[in-house]
Amino acid sequence: MDIPEDVNANLKKQSYLISETNYFSSTYYDLIGNFPDIVTIPKWTQNRRQDILIARIINRMIVTPALLNRFNLDSHPFCNSCNEVNDLLHILLRCRKYSTSRLHLWQKLEYR
């Protein structure tokens, strides 16, 4: 006979596996990909501000002109230097203004 703790642990495990399976077979997985669990972030940084910033990047909740425009709080969602939609992906991956910083970051990440 199983004790209640075993039943609860088993149900939690099954629930997690069902959720994970549903996510991996959804269109969200195609769009977002595999991302780290919020619980694992503090192991990366050891700094609360960086933890918050990484969590916001993962959740795509960094305040950008495109996000402000989406909520009618800014009338100009485009980047001044590239004239593309100034969203998080543009800033992190494509913006010419940050290309030097991006290059330095990639070099640092390769050597670790």
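Residues numbered from 1 in each chain as written. Predicted model: local features only at pLDDT ≥ 70, side-chain atom pairs only at ≥ 80, totals over all residues. Heavy atoms only, no water.

Under an unreviewed UniProt entry, the name given to the protein chain is RNase H domain-containing protein, and the source organism is Caerostris extrusa.

> Whenever I open this one, a nonpolar patch on the surface confuses me. Can you help?
Together, Leu53, Ile57, Leu89, Leu92 and Leu93 make up an exposed nonpolar region whose accessible area comes to about 390 Å². Those elements that place two or more of their residues in the nonpolar patch are helix H4 (48-58) and helix H6 (88-94). In terms of residues, the nonpolar patch owes the most to one element, H6, which gives 3 residues. Its location among the elements puts leucine 53 in helix H4. Residue leucine 53 is classed as partly exposed on the basis of its relative accessible area of 44%. (Patch = residues over 30% accessible without salt bridge, like charges linked within 9 Å, V, L, I, M, F, W, Y side chains within 5 Å. Areas by Shrake-Rupley, 256 points an atom, 1.4 Å probe, with all protein chains shown as cover. Salt bridge = Lys/Arg side-chain N within 4 Å of Asp/Glu carboxyl O. Helix = DSSP H or I, 4+ residues; strand = E, 2+ residues; numbered from the N terminus. Buried < 20%, exposed > 50% of the residue type's maximum accessible area, 1.4 Å probe, protein only.)

> Sorry if this is basic, but what is going on with the environment of arginine 94 here?
Note that arginine 94 resides in helix H6. Its relative accessible area of 44% is what places arginine 94 among the partly exposed residues. The spacing of arginine 94 and glutamate 84 is 10 residues in sequence and 9.5 Å in space, taken between C-alpha atoms. In this structure arginine 94 touches Glu84, Asp87, Leu89 and Arg102, once residues within four positions along its chain are discounted. (Contact = heavy atoms within 4.5 Å.)

> Mind showing me how you'd approach unusual backbone geometry here?
Residues other than glycine seldom take positive phi values, yet asparagine 72 does so here, at roughly 55°. Tracing the sequence through the fold places asparagine 72 in the loop between helix H5 (65-70) and H6. Assessed through its relative accessible area of 71%, asparagine 72 is described here as exposed. Despite not being glycine, asparagine 83 shows a phi value in the positive range, around 60°. Structurally, the position occupied by asparagine 83 is in the loop between H5 and H6.

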